[in-house]
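If you want the building blocks of each chain, they are given just below.
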Amino acid sequence: MRRGEARKMALGCSQGGRWCARAPWGRPVLRRPPAARVSEGVEAGSPSRPYAAAAAGGEELLEVCWRRHFLRGGAEPRPVAWRDYLSGCHPGFGPLGAALRGNLASQWWDSALAFREQVLAVDAPLHGPPAAGAAPAGQGLRLLPSETLREALRGGGCSREPGGPSLEELLGSAGALRESLLPGALAQYASCLELVNKRLPCGLAQVGVCFHSIPESEHHNKTPVRIGERTTSLLAWFSSPRTAGQWLDYWLRQRLQWWRKFAVGPSNFSSSDFQDEEGRRGFDLHYSFPWGTETIETLKNLGDTELLQLYPGDSSKLLGRDGRKNVVPHVLSVSGNLDRGALAYLFDSLQLAENPLTKKRNSQRKVLKLHPCLAPLKVALDVGKGPTTELRQV
């Protein structure tokens, strides 16, 4: 490798995976340099093979992730298991794990916004006042000062002051924690429609943290109800009712191809279809963990119900142009769990490689062979001259 080539290679890595070239609509292209993958702890040309994490239920990978600071939790009083990381109730990602998830989010943004004038990035607060059509006071995650709640409970659900609000009224007026990115995106649809000249199809994209209650079946002993959090990606795609089914199939192909292109074992990513109680069609994208499949992304055709509920009695604000017709669009929700996606790639990347630093036979080490676009650490070596064998073993 020449010195100039090494500089280009290092520059490409430092820019967060620019080896993944952008492509026009629906044609993601993956261009790799001669060294196809940069592996954490694997030298160039080192023989490696996939490691069956299922043999130990993932415990050995968990130890590797703690030791290499991809995940936190190794020093916790209560043992942290994979179920805790999947549910979103865990000590958090380590420095390298946060960088891995950040690179995954960066690649998601590139796939959502590259050469797509119809897709706009939006943002919404983590919490806010209850919106129209929100869950009743007894449901959802509410924000209420502890002292106010304590006073209401001491009064048996009623305020001690005459004429003061009851506990039910306090909960009804309390701010709600965000459980999905979709309501915040839909609330900005009418204003963003002007930016695309009211032309369909168009989309709104966002990445952010959402909160959820941990199911009672996953509680440990007598632990109170816990709240988990997850980093979520959302593409809300608005299309005419006539083409909504075609767009759903299109995004299914694109998203499944996107998850597979970073994987050592692409076949571990799969999809399944479903219908909700209202008969709306959708797809789940899964990753095959040692204990079974887990959903990492959900695609769903929501119809026009959610939009019409946001603008009751005034649907003229929702009309978009489909050719010569003005129609209320159908909403396609493409929602991914980037935390679970990062965990999936950690399982996918675990391999066994021969250790070149020892002369012992059958001496192997566990390595994480991550895709260059996702690897938190990027390294480039100029091995044109000098002790090439020693440099490759670094």
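Just so it is clear, the structure is predicted and the values come from calculations on it, not from any experiment.

Asks: Quick one: what's the story with the overall build of the chain, residue by residue and with numbers?
Replies: Secondary structure assignment for the chain yields twelve helices and 15 strands. A total of 394 residues make up the chain; the buried ones form 44% of that total. Taking as baseline every contact in the chain between residues at least 6 positions apart, the subset at least 24 positions apart corresponds to 69%.

Asks: A description of empty space enclosed by the protein should follow, citing residues and the corresponding values.
Replies: Counting across every chain of the model gives two cavities of 30 Å³ or more. Estimated volume of the largest cavity: approximately 40 Å³. Around the largest cavity sit Q118, L120, Y189, C192, L193, V196, C202, G203, L204 and F238, which together line it. Of all the elements in the fold, those that place two or more residues in the lining of the largest cavity are α8 (189-193) and β6 (202-213). If you add up the space inside the second largest cavity, you get close to 30 Å³. Y85, L86, S87, G88, H212, E229, R230, N337, D339 and R340 together form the lining of the second largest cavity. Among the elements of the structure, α3 (82-87), β7 (227-239) and α11 (338-349) are those that each provide at least two residues to the lining of the second largest cavity.

Asks: Which residues make up the packing of aromatic side chains, and what values do they have?
Replies: The tally for this structure, following the rule as stated, stands at 20 aromatic pairs. Ring geometry for Y189 and F238: centres 4.5 Å apart, planes at 40°, overall tilted. Taken together, the positions of Y189 in helix α8 and F238 in strand β7 put the pair 49 residues apart, joining distant regions of the chain. Each member of the pair, Y189 together with F238, is buried. An aromatic cluster is built from W82, Y85, W258, W259, F262, F269, Y287, F289, W291, Y345 and F347, whose rings are joined through pairwise contacts. Over the face of the ring belonging to F93 we find R101, whose NZ or CZ atom lies 4.7 Å from the ring centre. The ring of W258 carries the charged tip of R255 above its face, separated from the ring centre by 4.4 Å.

Asks: Residues and numbers for the sheet that holds strand β5 (residues 175-177), please.
Replies: The pairing of strands in a sheet comes from backbone hydrogen bonds and takes either a parallel or an antiparallel form. A sheet is described by the order of its strands in space; here three strands give the open sequence β3-β5-β4, paired in antiparallel fashion. The open sheet has two edge strands, β3 (127-128) and β4 (142-143), and neither has a second partner. Sheet topology note: the β3/β5 ladder contains two bridges and is antiparallel. Its bridge partner being in β5, G128 is matched across the sheet by A176.

Asks: Go over the sheet that holds strand β2 (residues 119-121) with me, naming the residues and quoting the values.
Replies: Spatial strand order, β2-β6-β7-β13-β10-β9-β8: seven strands in an open sheet with mixed pairing. Pairing within the sheet leaves two strands with one partner each, and these edge strands are β2 and β8 (269-275). Direction aside, neighbouring strands of the sheet carry axes that sit 25° apart on average. The pairing of β2 with β6 spans three bridges and is classified as parallel. Opposite L120, over in β6, you have L204 as the bridge partner. Along the sheet face, helix α4 (residues 95-113) touches β2, β6, β7 and β10 (292-303) and points at about 150° away from the line of β6. The strands touched by α11 are β6, β7, β8, β9 (281-289), β10 and β13 (330-337); relative to β9, the strand with the most contacts, the crossing angle is about 40°.

Asks: Provide a residue-level description of unusual backbone geometry, including the pertinent values.
Replies: Across the junction of L200 and P201, the peptide omega takes the value 0°, indicating a cis bond. Of note, P201 is situated in the loop between α8 and β6. The phi dihedral of N197 falls on the positive side, at around 60°, and the residue is not glycine. Among the secondary structure elements, N197 is positioned in the loop between α8 and β6. Even without glycine at this site, K198 takes up a positive phi of about 55°. Overall, K198 belongs to the partly exposed group, its relative accessible area being 32%.

Asks: Talk me through the packing of α4 against helix α9 (residues 244-260); I want residue IDs and the actual numbers.
Replies: Running from N to C, α4 and α9 point in directions that differ by 145°, and their axes come no closer than 12 Å. The hand of the α4/α9 crossing is right-handed. Packed against α4, whose contacting residues are L104, Q107, W108 and S111, the element α9 presents R255, W258 and W259 at the interface. Its residues assigned to classes, the contact of α4 with α9 comprises four nonpolar, two polar and one charged.

Each value, and the rule that gives it
Residues numbered from 1 in each chain as written. Predicted model: local features only at pLDDT ≥ 70, side-chain atom pairs only at ≥ 80, totals over all residues. Heavy atoms only, no water. Helix = DSSP H or I, 4+ residues; strand = E, 2+ residues; numbered from the N terminus. Buried < 20%, exposed > 50% of the residue type's maximum accessible area, 1.4 Å probe, protein only. Contact = heavy atoms within 4.5 Å. 1 Å grid on protein atoms, 1.4 Å probe; cavity = no way out; pocket = protein on both sides within 12 Å on 5 of 7 lines; lining within 4 Å. Points joined across faces, edges and corners; volume = space filled by probe spheres on them. Phe/Tyr/Trp six-rings, centres within 6.5 Å; stacked < 30°, edge-to-face > 60°. Lys NZ or Arg CZ within 6 Å of the ring centre and 35° of its normal. Pairing = 2+ DSSP bridges. Axes fitted to C-alpha atoms, helices over the stretch in contact; angles between N-to-C directions. Left-handed = near helix turned anticlockwise from the far one by under 90°. Nonpolar A, V, L, I, M, F, W, Y, C, P; charged D, E, K, R; others polar.

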